[in-house]
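Coordinate inspection notes
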Amino acid sequence: MPKLYPTSIKVTHHPRKGRCVTAEKDIKAGDIVHVSRPYAIVPDCDQYKTTCAHCVSAPKSSAPLPVQCLGGCERTFYCDENCRKKDWRLHRLQCASIRDFLSMGGRTMLGLTEEYARLLIRVLATRFDEIEHENEHLADHEKAEYVEDGTPIPLVSSIDQRFDTMWKLVSNAENYSSDRLTNEFLPVALCLTRMVAVHLFPLLPENSKYETPELLLPQCTDKVLLELAEKAVMTNNTPISQNPLFTELFEPVLVSSEGQQKLKMERDNEDGSNKTISSIGSHPTKLNPATTVSLLASSLSLICKEECNSFGHYSFSILGNEYDRQGYAVGVHTSAVFFNHSCSPNVGHVPRSKIQHFYPSQTTKNTTTTNDSNDTLESPGMMVFFAIDDIPKGQELCLSYVGVQGLHNYHVGHHAGCFGSTTNTIRGQDSIDLITPQTRHCNVLDRRAKLKKVFTFDCDCTRCIVELSRYPEERHIANRLMEELRASGGAGVGAVVEVERLEVEVERRVGFYACGVDGCKAFLVPKALASIDSESGLDEFGAGVDNMDGVIRVCEGCQRLC
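Presented here is a report on the structure given in the accompanying data block. Since the model is a prediction, treat every value here as computed from it, not as a measurement.

1. Things to note about the packing of helix 5 (residues 223–233) against helix 9 (residues 289–307)
It is the contact of helix 5 with helix 9, at a shortest axis distance of 8 Å, that shows an interaxial angle of 135°. Regarding the angle of helix 5 to helix 9, the classification is oblique. Of the two possible hands of crossing, helix 5 and helix 9 adopt the one that is right-handed. The segment helix 5 lies against helix 9, with Leu225, Leu226, Leu228, Ala229, Glu230, Ala232 and Val233 engaging Pro289, Thr292, Val293, Leu296, Ala297, Leu300, Ser301 and Cys304. Tallied by class, residues from the contact of helix 5 with helix 9 come to twelve nonpolar, two polar and one charged.

2. Describing empty space enclosed by the protein
Rolled over the atoms, a probe sized like a water molecule indicates the empty space that remains. Overall, the coordinates contain six cavities of 30 Å³ or more when judged by the stated rule. Here the largest cavity is characterised by a volume of approximately 90 Å³. Around the largest cavity sit Ile41, Val42, Pro43, Ala53, Arg75, Thr76, Asp87, His91, Gln94, Ile98, Arg118 and Arg122, which together line it. The dominant element in the lining of the largest cavity, judged by the number of residues it contributes, is helix 1 (residues 81–103), at four residues. Residue assignment for the lining of the second largest cavity shows that the elements contributing at least two residues are strand 8 (310–315) and strand 11 (347–356). By residue class, the composition of the lining of the second largest cavity is five nonpolar, four polar and one charged.

3. Considerations on the pattern of salt bridges
Scanning the entire structure with this criterion turns up 23 salt bridges. Across the pair aspartate 389 and arginine 509 runs a salt bridge, and its minimum N-O distance is 3.6 Å. Highlighted residues: aspartate 389 in the loop between strand 14 (376–387) and strand 15 (398–399) and arginine 509 in helix 13 (residues 499–511), separated in sequence by 120 residues. Since its relative accessible area comes to 6%, aspartate 389 is described here as buried. Arginine 463 serves as the salt-bridge partner of glutamate 467, at 2.9 Å between the closest nitrogen and oxygen. Of the two residues, glutamate 467 and arginine 463 are both situated in helix 11 (residues 462–468); the distance of four residues between them amounts to about one turn of the helix. The same class applies to glutamate 467 as to arginine 463, namely buried.

4. A look at the nonpolar core
The biggest cluster of nonpolar side chains holds 80 residues, and the ones touching the most others in it are Phe339, Phe385 and Leu397. No other element matches the twelve residues that helix 4 (residues 178–200) contributes to this core. In this structure, leucine 397 is in contact with Ile9, Val21, Thr22, Ala23, Ile27, Val33, Phe339, Asn340, Asn346, Val347 and Ile391, ignoring residues within four places of it in sequence. By size, the runner-up hydrophobic cluster in this structure holds 24 residues, among which are Phe386, Ala522, Val525 and Cys555.

5. Observations concerning unusual backbone geometry
With a phi close to 50°, valine 56 is a non-glycine residue in the positive phi region. Inspection of the secondary structure assignment puts valine 56 in the loop between strand 4 (40–43) and strand 5 (67–68). The phi dihedral of glutamine 559 is positive, around 65°, even though this residue is not glycine. Assignment of secondary structure puts glutamine 559 in the segment after strand 19 (553–555).

6. Let's talk about the sheet that holds strand 14
The three strands are arranged 3-14-11 in an open sheet whose pairing can be described as antiparallel. The open sheet terminates on both sides in strands that have one partner only, identified here as strand 3 (32–36) and strand 11. Averaged over all neighbouring strand pairs, the angle between strand axes comes to 30°, with direction disregarded. By the bridge criterion, four bridges tie strand 3 to strand 14 in an arrangement that is antiparallel. Among the inter-strand pairings, valine 35 is bridged to a residue of strand 14, identified as valine 384.

Parameters and conventions
- Residues numbered from 1 in each chain as written.
- Predicted model: local features only at pLDDT ≥ 70, side-chain atom pairs only at ≥ 80, totals over all residues.
- Heavy atoms only, no water.
- Axes fitted to C-alpha atoms, helices over the stretch in contact; angles between N-to-C directions.
- Helix = DSSP H or I, 4+ residues; strand = E, 2+ residues; numbered from the N terminus.
- Parallel < 35°, antiparallel > 145°, perpendicular 65-115°, else oblique.
- Left-handed = near helix turned anticlockwise from the far one by under 90°.
- Contact = heavy atoms within 4.5 Å.
- Nonpolar A, V, L, I, M, F, W, Y, C, P; charged D, E, K, R; others polar.
- 1 Å grid on protein atoms, 1.4 Å probe; cavity = no way out; pocket = protein on both sides within 12 Å on 5 of 7 lines; lining within 4 Å.
- Points joined across faces, edges and corners; volume = space filled by probe spheres on them.
- Salt bridge = Lys/Arg side-chain N within 4 Å of Asp/Glu carboxyl O.
- Buried < 20%, exposed > 50% of the residue type's maximum accessible area, 1.4 Å probe, protein only.
- Core = buried A, V, L, I, M, F, W, Y, C linked by side-chain atoms within 4.5 Å.
- Pairing = 2+ DSSP bridges.

Structural measurements only, silent on function.
In structure tokens, the structure reads:
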């Protein structure tokens, strides 16, 4: 039985923010607070040829991987045949739907749309795999528990990721524009609906408890999505059997059993072999308007949930550390969606497929010791969350949704002690100088606009307050946010707090997270999470680093120690 690791964080409810993550006890800088396995993850639209669909590790080269899916989906590559075989259990359920998506206009859609379409195809494949194996009995320690208000978040998420945790994610459907729902989400939802009705449901045995396709997904309750689905299906009161859109999309399940048999034979050979896939049955699909509306609305809901809950996986190995973080994959981490955003975060997160010595430090009354056991955790597509700074009990844990964008505008005090730095400069400026107020002002406005557009909220973090307060035309916003901060006791402040104090705290926090040495745009991680090939010499070099808080950090980009 695997070791049960202690938890240090829990989900709580904030009167203004809703659900958030707070510390159950004092957390030391550098501690790992959570390791999340993905419910589903796929390589992104730019790196699918260089990122293994099974390992999902950061690309090591710009050359395409040597092994490609034999089903012709064009979007799935592997390190080797072993990875392809390991991934077949899920890929057999999604290959045809990826081909469908590309042929239904997916090739002409924006890259980000293709990414979440393929991710949700993977989600549905994982959901169906769960249905196929739902009679398998898992040990208690393998069963996933849904994290709710007031419950702890485990240090390591469960091996068993269940679809109900995906479905319980918020959708925020009311925050998306009608144009985006209709012109972007609806075409993808049609593809997902086709996947369930045409490619998945017929695989069930005839005696399955899922008697109709819509039962494979929970019912959508978002009124705006139900209305959109009904409008699409019931256009001009035309019967679905006479609606050209739906007769084309669902032809195999709207006609005779001959179409079902043809579909079965095509899927038998998708893996490039003559072997029969034992899970294929002859369960006929019977679509009617109500079934189609339900499936389409549920598919729309999945898209909304993914769009406001997915995580990008980033590296600096593709273009280099002189560029902002570079994405290579996107995943849904259902155990990690409760972290709110801050532009000066106290929690960082990095993708890893393997971590060692990841037990958090153990604090006693007078001393702090670190567990030095050989704990190793290995799993594709993990996301590791760590404390950037000391976090006292009761404080909220926040991460940045936009990476380290603009963080290099601050003087980073510890950089004079970075091993291997040739100069103490930040973007060519002497380290004692701050960037000009005009440039910093542009950054805060652009950053807040991006957060509003992508994540549908107005950021009210301490860094935004500090930056907005410097400019007369924005000062009224900063004053309002400051009053709300005082009233809520946010960021550990009381009834009286000055902007100057917040600025000191922001710059200190940024100094523990952003590199900025010699133009490096990467971020810092605790030594235990360093993604370098060899740690030989880390202790020797780290011992001489003046790192202010006693935590040795390594830059993800230039690999300097700080």
